[in-house]
Amino acid sequence: VNQELELYFQPQVDAVGRMVGAEALLRWHHPELGDIPPDTFIPVAEETGLIHAIGGWVFDQACARIADWGRSDLPFQGHLAVNVCPWQFSRPDFVDSIRLMLEKHKIDPGRLMVELTETALLYDLVETVKRLKALRALGIHISLDDFGTGYSSLSHLQDLPLDEIKIDKAFVSELGANLENPLVESMIAIGLHMKLAVIAEGVETEAQRAALVRLGCKHFQGFLFARPLPENDFRQWMAHNAHPN
Ligand code: C2E
Ligand code: CA
Ligand code: CA
């Protein structure tokens, strides 16, 4: 199965288009069925327990790429964000497995970001806080994925040691040049008040980007800048989009 899996990389940029990181997105090229989207196979992998093998493979690959890009003097700037589903995060050995990956690939932990959803975080709040603190003690950054789509109370979020919130693309797609968007505005304001980085995903149009900038959003990801790219294309993108630090 591993030969059929591939990580794609989607750049993340700031308001002037400079790279601030990338998100690793899994692709499954099935020999007969063709490409199967992660939205389809991740839930099945969760049900069958295969997610642990797949998730381990994803982290191994992500760390290997970070190490590679550093060695090849590619201008990889910022972090590489890896998606973690609730089942992966709930494993007692989750933090240890990541520590082992960092040691194996000898990468700077600050280059790695973990994307978690509210579903993963709010199942057992006490245990979650412990784990997030352990991850951050390793030097890893934490992003709250799909922000705004869950039903968690804000008081819970306040207790979580996070570095970033990611505004879900469902909200971004509703943004237009002339529309009022009190919801998105509030989400961004919450992030900024909590001293978190705020990134919007699914940015497809200049109008959406402009609206987000106006509302105070600092980081962006979406087809407007780049699609998720196979590694070689992503390397080229980095080479063309390098900026002095
Ligand atoms: P997500 O974490 O919310 O990822 C964002 C999705 O939006 C990705 O879909 C990405 O390709 C897509 N996207 C990016 N820019 C745009 C845009 O401008 N417009 C639109 N319409 N879409 C955009 P993708 O790659 O199909 O991944 C779907 C979901 O599968 C992800 O949602 C994530 O929950 C899950 N996933 C992907 N890779 C992994 C992985 O390695 N591990 C785990 N556990 N889950 C993964
Ligand atoms: Ca994500
Ligand atoms: Ca999302």
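Keep in mind it's a predicted model, so treat the numbers as computed, not measured.

## Brief notes about the environment of Leu132
Phase 1 of the analysis: Tracing the backbone through its elements, the reader meets Leu132 in helix H6 (residues 125-138).
Phase 2 of the analysis: Judged by relative accessible area, which is 0%, Leu132 ranks as buried.
Phase 3 of the analysis: Ignoring anything within four residues of it in the chain, the contact list for Leu132 reads Phe89, Leu116, Leu121, Ile142, Leu160, Pro161 and Leu162.

## Observations concerning the coordination of the calcium ion (ligand 3)
Phase 1 of the analysis: Taken together, the protein ligands of the calcium ion (ligand 3) are Asp146 (OD), Asp168 (OD) and Glu201 (OE), with distances of 2.1 to 2.4 Å.
Phase 2 of the analysis: Considered as a linear motif, the donors of the calcium ion (ligand 3) on their single chain read D-x21-D-x32-E.
Phase 3 of the analysis: Separating the calcium ion (ligand 3) from the calcium ion (ligand 2) is a distance of 5.5 Å. In this pair, Asp146 sits in strand E6 (residues 141-147) while Asp168 sits in the loop between strand E7 (164-167) and helix H8 (169-172), placing the two residues 22 residues apart along the sequence.
Phase 4 of the analysis: Given the relative accessible area of 25%, Asp146 is considered partly exposed.
Phase 5 of the analysis: Accessibility expressed as a relative area gives 9% for Asp168, which makes it buried.

## Re the pairing of strand E1 (residues 5-14)
Phase 1 of the analysis: Within E1, 9 of the 10 residues are buried, which leaves it mostly tucked inside the rest of the structure.
Phase 2 of the analysis: Note that E1 and strand E2 (residues 19-30) share 9 bridges and pair antiparallel. When the sheet's bridge partners are listed, Val13 is paired in E2 with Met19.
Phase 3 of the analysis: Between E1 and E2, which pair antiparallel in sequence order, lie 4 residues; one of them, Gly17, sits at a positive phi of approximately 90°.
Phase 4 of the analysis: Bridge analysis of E1 against strand E9 (residues 219-220) gives 2 bridges, and the strand direction is antiparallel. Bridge pairing links Val13 to Phe220 in E9.

Parameters at a glance
- Residues numbered from 1 in each chain as written.
- Chains lettered and ligands numbered in written order.
- Predicted model: local features only at pLDDT ≥ 70, side-chain atom pairs only at ≥ 80, totals over all residues.
- Heavy atoms only, no water.
- Helix = DSSP H or I, 4+ residues; strand = E, 2+ residues; numbered from the N terminus.
- Buried < 20%, exposed > 50% of the residue type's maximum accessible area, 1.4 Å probe, protein only.
- Contact = heavy atoms within 4.5 Å.
- Donors = N, O, S within 2.8 Å, 3.2 Å for Na, K, Ca; no water.
- Pairing = 2+ DSSP bridges.

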